[in-house]
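# Remarks on the overall topology
Each chain is listed here by its residues.
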Amino acid sequence: MARFGCHFIAAAVAVLTCIYSAGAETNAWRSPVAIGASHRFAAAGMTSPENVSLITSAEETAEKVESFVGLAIPFAKGESIQMLAHWATNDPGGRVIRAQGWVDRALSQKLIIVNPDRADQEDILEGLCWLLLNRYVIHRQDFDQKSSSLGAVPDWLSVGVAQNLYLALRTRNNQVAIRHWIRNEAPSFSRIMTFESLPEGRWAEKAYCALAADWMASKPDRASAFESLFSRLARGDRITTNFMGVLLTGVESGRELEKGWDLWIAAQTQVRQYWGGVSADRLAALRQLLAAAPDEM
C-alpha cells in the first residue's frame, strides 16, 4: 500500500488533467442535472433515473454519517455536493476523483466518477465521506483560514467512517482485522494516523481505519470527541498521539493510546454469532428465503 501513497495525489491530478483536456471524451454529460429534495446533492452525467438513484444513495450516506458522528453536517445554501459521472471509452477501468475549493466565498465540492459502471462502490462511498466530513472542518474555519488552507480530514478517518456505515462492511473488516491481529500483524494506532492519503481499492489497512473510527464512535460522548478533532483540524494543528490519547483513553500518552488500541481490537474477538443447532443446509435455505432481488422489490 505504501508504494501507492506517494503517487496518489499526483495520479488524481493526472486523471483530472486527462478528463478536461482537449483530447478527452466529450460524452461526459448524458442528461440534465438532478437535484435532491434537500438541495444537498446534485448529480449529472447519467440517465435521469440513475442520477436520482445516486442522489438517494448520497442522502442515505449523509444521514448515516450524521448518526455515526453525532453531529449534523453543515450545508450552506447553494453549496451542494456535485456528483458528476464521466464516461471515458479510452479508459478500461473506473475510478473516483474528489475535489474541493473555496471559490467566490463559497465552498465547491465535486465527486467525479469515471466510468461509473466499472467504478468500485466502496471507492465512491469513501470519496463521498471525505467530502462530507470535510464540511465539519470547513464550517469551523474563518474566512482567512478557508482562503489559505481549506480544511480536510485525513483519509484514515474518512475511510474509517465510510467502512462503518454498513453492517456487511463492518463484519468483513472485523474479520480481516482480527485475523491479522492474531498473527501479530496489526498496525499500531500511531501507524494508522500516518495514512493521510490512501489509494483506491480494498486494503487490509482500511479495515483497521474502520476499527479506529469505530473506537471513537464507541465513546459515550462521541459528538464531543469528533467536535474536538474537527476543531483541531480547522486550526491547522496536527493530530498527535497525545491528542488522540486524551480523546480515546483520557490520558495524554501515546503509550496508553496503544494499550487501549490493543484492548479494543481484542474486544472485537469476543463478538460471536450463535445459531444454535441448525444444520448448514437449513442455514443455506434460510439465506435463500431471505434473499430479495432489487428488481423484485
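As a starting point, this report considers the structure included with it. Each chain carries its own residue numbering, running from 1 in the written order of its sequence. Side-chain atom pairs in this predicted model are given and counted only at pLDDT of 80 or more, local residue features only at pLDDT of at least 70, and totals for whole chains, interfaces and linings cover all residues. To obtain the side-chain values, all non-hydrogen atoms of the structure were used and water was disregarded.

## Comments concerning the overall build of the protein
The helix and strand tally for the protein stands at 13 helices and five strands. Across the protein, contacts joining residues at least 24 apart in sequence account for 67% of those joining residues at least 6 apart. Each accessible area is a Shrake-Rupley result for a 1.4 Å probe, and residues are judged covered by the shown protein chains and nothing else. For the protein, the accessible surface area stands at approximately 15800 Å², while carbon and sulfur atoms represent 54% of it. A run of H or I in DSSP becomes a helix once it reaches four residues, and a run of E becomes a strand once it reaches two; helices and strands are each numbered from the N terminus. In what follows, a contact means two residues having at least one pair of non-hydrogen atoms within 4.5 Å.

## A few points about the pattern of salt bridges
What counts as a salt bridge is simple: a side-chain nitrogen of Lys or Arg found within 4 Å of a carboxyl oxygen of Asp or Glu. Throughout the structure, instances matching the rule amount to 12 salt bridges. A salt bridge links Glu 66 to Arg 40; its shortest N-O distance comes to 3.4 Å. You can see Glu 66 sitting in helix H3 (residues 48-69) and its partner Arg 40 sitting in the loop between strand E1 (34-35) and strand E2 (41-44), a full 26 residues away along the chain. Among the charged side chains, a network of salt bridges with common partners joins Asp 120, Glu 122, Arg 172 and Arg 202.

## Some details on unusual backbone geometry
The backbone of His 39 sits at a positive phi, close to 65°, despite the residue not being glycine. Tracing the chain through its elements places His 39 in the loop between E1 and E2. Burial classes follow relative accessibility: with a 1.4 Å probe on protein chains only, a residue under 20% of its type's maximum area counts as buried, one over 50% as exposed, and anything between as partly exposed. On the accessibility criterion, His 39 (57% relative accessible area) is exposed. In this structure, Asn 115 takes a positive phi of about 50° despite not being glycine. Relative to the elements of secondary structure, Asn 115 occurs in the loop between strand E5 (106-114) and helix H4 (121-139).

## Considerations on the layout of surface pockets
Approximately 610 Å³ is the volume found for the second largest pocket. Only protein atoms enter the 1 Å grid used here. Points where a 1.4 Å probe fits but cannot escape make up a cavity, open sets with protein on both sides within 12 Å along at least five of seven lines make up a pocket, and a residue lines them when an atom lies within 4 Å of a point. For the second largest pocket, the lining is made up of 23 residues, of which Ser 53, Leu 54, Ser 57, Gln 121 and Ile 124 are closest to its centre. Broken down by secondary-structure element, the contributors of at least two residues to the lining of the second largest pocket are H3, E5 and H4. Grid points are joined across faces, edges and corners, and a volume is the space filled by probe spheres set on the points.

## Notes on the pairing of E5
Within a regular strand, the side chains alternate between the two sheet faces. Across six bridges, strand E3 (residues 81-86) lies against E5 in parallel orientation. By the bridge assignment for E5, Ala 85 is matched with Ile 113. What makes two strands pair is DSSP finding at least two bridges between them. Judged from the nine bridges that link them, strand E4 (residues 95-103) and E5 form a sheet pairing that is antiparallel. Looking at the pairing, Trp 102 lines up with Leu 107 of E5. Linkage of E4 to E5, two consecutive antiparallel strands, is achieved through a turn of two residues, within which Asp 104 is found at a positive phi near 50°.

## Quick notes on H4
To estimate how far a helix should reach, multiply one less than its number of residues by 1.5 Å. Between its first and last C-alpha atoms H4 spans 28 Å; for 19 residues at 1.5 Å apiece the expected length is 27 Å, and the two agree. The buried fraction of H4 amounts to 17 of the 19 residues, a majority that puts the element mostly inside the structure.

## Some points on the side chain of Asn 173
The topology assignment puts Asn 173 in helix H7 (residues 167-182). Engagement of the side chain of Asn 173 in a polar contact is seen with the side chain of Gln 163, the distance being 3.0 Å. Polar contact criterion, stated in full: a pair of N or O atoms within 3.5 Å, where within protein one must be able to donate a hydrogen and the other to accept it, and residues adjacent in sequence count only if both atoms are side-chain atoms. Here Arg 172 takes part through its side chain, which lies 3.3 Å from a polar atom of the side chain of Asn 173. In contact with Asn 173, other than residues within four places in its own chain, are Gln 163, Ala 207 and Ala 210.

## Quick look at a nonpolar patch on the surface
Nonpolar side chains (Val, Leu, Ile, Met, Phe, Trp, Tyr) within 5 Å and like charges within 9 Å form the patches, drawn only from residues with over 30% relative accessible area and no salt bridge. There is a patch of nonpolar side chains on the surface, built from Leu 286, Leu 289 and Leu 290 and spanning about 330 Å² of accessible area. Mapping Leu 289 onto the fold places it in helix H13 (residues 280-290).

## Remarks on the side chain of Arg 232
Looking at where Arg 232 falls in the secondary structure, it is placed in helix H10 (residues 222-234). In this tally, Lys and Arg are treated as positive and Asp and Glu as negative; His is ignored, and so are the chain termini. At 4.8 Å, Asp 237 is the nearest oppositely charged side chain to Arg 232, a buried residue that forms no salt bridge.

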